[in-house]
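Residues per chain are reported as follows:
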Amino acid sequence: MLDYTKFLECKFRFILNYEVKDGNLIIHYAKEDDLVVPYTTDAEKVVLLFMKNQIIYSEEIFKKIRERYDGFDDILSRYLCGVGFAYSLLEQQFIAFIASIGLLGFNYLQSRQHKKIGIILEDYEKNKFFVDNQDKFEEFGVDININQLDSYTKEDLLLKLCYTEGGKTLNKE
């Protein structure tokens, strides 16, 4: 799971993942040190429940982020940058050239931030898909938990759900 704390109000104890090592459960937090506790299946179930609740708690926040992400449009700033650059060349205006370079840099930083948010949104939607369909995964015998989702894409999860039934893999044809 990626770090969503940039967007959350409650940043305390956000669990990224955990690992079992030498009979211990090592819980990796986003903003704090790792926590090491003795491994038990009950402790693992509690950590998985906390991870699931993190996803459920973030739903409304990520709906708003998705709306802003989908509404992103940088065509106007690119157009203004091009016009300013053309004007600076035609009229030999140094200030217009500097302004167009500044706008180009701002546009670059804005598009980089947009891509980073897209990666986080994609990860959140994959985790939310799993949480929403966790009972179906268990019903069809797919042995995955929320901690193992980093190695899957949302499409992989959907394929596992569609082509696995009762421990038997169905043909994709």
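Residues numbered from 1 in each chain as written. Predicted model: local features only at pLDDT ≥ 70, side-chain atom pairs only at ≥ 80, totals over all residues. Heavy atoms only, no water.

Below, the discussion takes up the overall build of the chain. When you go through the chain residue by residue, the secondary structure sums to six helices and five strands. Across the chain, helices and strands are ordered from the amino to the carboxyl terminus as β-β-β-α-α-α-α-α-α-β-β. For the chain, whose C-alpha radius of gyration is 23 Å, the value lies well above the compact-globule estimate of 16 Å for 173 residues. The principal-axis extent of the C-alpha atoms belonging to the chain is close to 70 × 45 × 30 Å. Taking all 173 residues of the chain together, 33% fall into the buried category. Summarising the internal contacts of the chain: among those between residues at least 6 apart in sequence, 52% fall at separations of at least 24. When the accessible area of the chain is evaluated, it comes to approximately 11600 Å², of which 56% is carbon and sulfur surface. Mean positive and mean negative side-chain charge positions of the chain (22 and 29 charges, respectively) differ by 3 Å. (Helix = DSSP H or I, 4+ residues; strand = E, 2+ residues; numbered from the N terminus. Rg over C-alpha atoms; globule rule 2.2 N^0.38 Å. Buried < 20%, exposed > 50% of the residue type's maximum accessible area, 1.4 Å probe, protein only. Contact = heavy atoms within 4.5 Å. Areas by Shrake-Rupley, 256 points an atom, 1.4 Å probe, with all protein chains shown as cover. Lys, Arg positive; Asp, Glu negative; His and termini not counted. Charge placed at Lys NZ, Arg CZ, Asp CG, Glu CD.)

Turning our attention to the environment of Phe7. Residue placement: Phe7 occurs in the segment before strand S1 (15-21). When the C-alpha positions of Phe7 and Ile61 are compared, they lie 7.4 Å apart, and in sequence the two are 54 residues distant.

Time to look at the packing of aromatic side chains. Under the defined criterion, the tally for this structure stands at eight aromatic pairs. Between Phe62 and Tyr124 the ring centres are 4.2 Å apart and the planes differ by 10°, which places this aromatic pair in the stacked class. In this pair, Phe62 is assigned in helix H2 (residues 59-70) and Tyr124 in helix H4 (residues 94-132), connecting sequence segments 62 residues apart. Since its relative accessible area comes to 5%, Tyr124 is described here as buried. Here the aromatic cluster, defined as three or more aromatic residues joined through ring pairs, consists of Tyr4, Phe7, Phe14, Phe62 and Tyr124. (Phe/Tyr/Trp six-rings, centres within 6.5 Å; stacked < 30°, edge-to-face > 60°.)

With that out of the way, let us pick up the pairing of strand S2 (residues 24-29). Within S2, five of the six residues are buried, which leaves the element mostly enclosed by the surrounding structure. Here six bridges tie S1 to S2, and the two strands are oriented antiparallel to one another. Within the sheet, the bridge partner assigned to Glu19 lies in S2 and is Ile26. Counting the residues in the hairpin turn of S1 and S2 gives two residues, including Asp22, whose phi is positive at 55°. With four bridges joining them, S2 and strand S3 (residues 35-38) adopt antiparallel strand pairing. From the neighbouring strand, Leu25 faces S3, where its bridge partner is Val37. (Pairing = 2+ DSSP bridges.)

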